[in-house]
Amino acid sequence: EAGVTQSPTHLIKTRGQQATLRCSPISGHTSVYWYQQALGLGLQFLLWYDEGEERNRGNFPPRFSGRQFPNYSSELNVNALELEDSALYLCASRTRGDYGYTFGSGTRLTVV
Amino acid sequence: AQRVTQPEKLLSVFKGAPVELKCNYSYSGSPELFWYVQYSRQRLQLLLRHISRESIKGFTADLNKGETSFHLKKPFAQEEDSAMYYCAVNNAGNMLTFGGGTRLMVKP
């Protein structure tokens with residue numbers, strides 16, 4: 001069984017640009033979560049999608065957005081990139097009724 | 001607001017010594033708690049969850065509702081246990097809130 005896959009592995013963008021990060025959950029998992037792991041800040045919750053709907057979002061500005069597709073894969077978009085957006089972005093999925101997440105390897109976003 | 005606190009950013013022990021990684025949470029209700037581990041250059045993975053009361057890689061964790069703690073313990077640390085450990089709690093929003101993490105270093 002394939003795990004949670006994220007692409008790209010690394011992404012380098014210039015300040016002010018937009019970044020799109022992708023996540024494919026484990027087959028059968030309907031919920032997708034996005035976390036930001038910035039240096040020294042631990043895991044900060046960004047967004048939660050379930051059955052195609054945004055269910056919750058963390059304390060991040062609106063330029064962080066995303067969506068979930070009918071096949072349950074998900075995109076995270078970050079507009080107007082700032083230097084402090086540089087971080088590892090982790091996607092996790094879970095199946096209904098199980099609160100344990102399975103994480104992907106992450107996308108390392110670097111804003112220069 | 002729900003909060004998970006891991007008071008130690010870094011814990012350094014010698015091989016064979018006991019280790020305890022502390023986790024305290026604030027949550028009203030019946031939380032589900034987890035420990036996740038991130039080895040160097042590997043993805044974050046589930047180590048154990050309180051509801052299953054299992055021992056993984058020699059680690060155990062007991063939920064103490066009175067002290068609102070979920071400390072992770074191992075009687076004899078191994079070098080391969082060196083990693084970043086995160087405590088997490090599930091809230092009513094079906095969302096995991098993570099602590100700040102503790103880096104465990106096991107010295108030879």
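Source: prediction; values computed, not measured. (Residues numbered from 1 in each chain as written. Chains lettered and ligands numbered in written order. Predicted model: local features only at pLDDT ≥ 70, side-chain atom pairs only at ≥ 80, totals over all residues. Heavy atoms only, no water.)

Student: Quick rundown of the overall build of chain B? Include the residues and the values.
Tutor: The helix and strand inventory of chain B stands at zero helices and 11 strands. Ordering the α and β elements of chain B from the N terminus gives β-β-β-β-β-β-β-β-β-β-β. A compact globule built from 108 residues should have a C-alpha radius of gyration of about 13 Å, and chain B, at 13 Å, falls within 12% of that. For the C-alpha atoms alone, the extent of chain B along its principal axes is close to 40 × 30 × 25 Å. Per-residue burial over chain B gives 45% buried out of 108 residues. Considering only intrachain contacts with a sequence separation of at least 6, the fraction spanning at least 24 residues in chain B is 56%. When the accessible surface of chain B is summed, it comes to about 5,500 Å², and 51% of that surface belongs to carbon and sulfur atoms. Side-chain charges of chain B comprise 14 positive and 9 negative groups, with the mean position of each set lying 5 Å from the other. (Helix = DSSP H or I, 4+ residues; strand = E, 2+ residues; numbered from the N terminus. Rg over C-alpha atoms; globule rule 2.2 N^0.38 Å. Buried < 20%, exposed > 50% of the residue type's maximum accessible area, 1.4 Å probe, protein only. Contact = heavy atoms within 4.5 Å. Areas by Shrake-Rupley, 256 points an atom, 1.4 Å probe, with all protein chains shown as cover. Lys, Arg positive; Asp, Glu negative; His and termini not counted. Charge placed at Lys NZ, Arg CZ, Asp CG, Glu CD.)

Student: Talk me through the packing of aromatic side chains; I want residue IDs and the actual numbers.
Tutor: Inspection of the entire model under this criterion finds 14 aromatic pairs over all chains. On the basis of an interplanar angle of 55° and a centroid distance of 6.2 Å, the ring pair of Y35(A) and Y101(A) is categorised as tilted. With Y35(A) in strand β4 (residues 31-38) and Y101(A) in the loop between β9 (87-94) and β10 (102-103), the pair connects residues that are 66 residues apart, well separated along the chain. Geometrically, the ring pair formed by Y35(A) and F103(A) is tilted, given 6.1 Å between the ring centres and 55° between the ring planes. Note that Y35(A) is positioned in strand β4 and F103(A) in strand β10, a separation of 68 residues in sequence. F103(A) carries the same exposure label as Y35(A), and that label is buried. Connected via pairs of aromatic rings, a cluster forms that spans Y33(A), Y35(A), F45(A), W48(A), Y101(A), F103(A), F34(B), Y36(B), Y86(B) and F98(B). (Phe/Tyr/Trp six-rings, centres within 6.5 Å; stacked < 30°, edge-to-face > 60°.)

Student: Can you tell me about the pattern of salt bridges, naming the residues and giving the values?
Tutor: Residue and element names in this part refer to chain A. Scanning all chains against the criterion turns up nine salt bridges over all chains. Residue R22 pairs with E75 through a salt bridge whose shortest N-O separation is 3.7 Å. In this pair, R22 is assigned in strand β3 (residues 19-24) and E75 in strand β8 (residues 74-78), connecting sequence segments 53 residues apart. A residue is classified by how much of its surface remains accessible, and R22, at 43% relative accessible area, is partly exposed. The exposure class of E75 is buried, given its relative accessible area of 9%. (Salt bridge = Lys/Arg side-chain N within 4 Å of Asp/Glu carboxyl O.)

Student: Break down the interface of chain A and chain B for me, with residues and values.
Tutor: Taken together, the 18 residues of chain A in the interface contact 15 residues of chain B. Taken together, the connections running from chain A to chain B amount to eight residue pairs in polar contact (both at pLDDT 80 or more). The set of elements that each furnish at least two residues to the side of chain A that touches chain B consists of β4, β5 (42-50) and β9 of chain A. Here the side of chain A that touches chain B gets four residues from one element, more than from any other, and that element is β5(A). Classifying every residue of the side of chain A that touches chain B by side-chain character gives 10 nonpolar, six polar and two charged. (Polar contact = N/O pair within 3.5 Å; in protein donor to acceptor, adjacent residues only side chain to side chain. Nonpolar A, V, L, I, M, F, W, Y, C, P; charged D, E, K, R; others polar.)

Student: Go over the sheet that holds β8(A) with me, naming the residues and quoting the values.
Tutor: Residues and elements named next belong to chain A. Strand order in the open sheet formed by four strands is β1-β3-β8-β7, and the pairing between neighbours is antiparallel. The open sheet terminates on both sides in strands that have one partner only, identified here as β1 (5-7) and β7 (64-68). If you compare each strand with its neighbour and ignore which way they point, the axes differ by 15° on average. By the bridge criterion, five bridges tie β7 to β8 in an arrangement that is antiparallel. (Pairing = 2+ DSSP bridges. Axes fitted to C-alpha atoms, helices over the stretch in contact; angles between N-to-C directions.)

Note that all results are geometric; they support no functional claim without further evidence.
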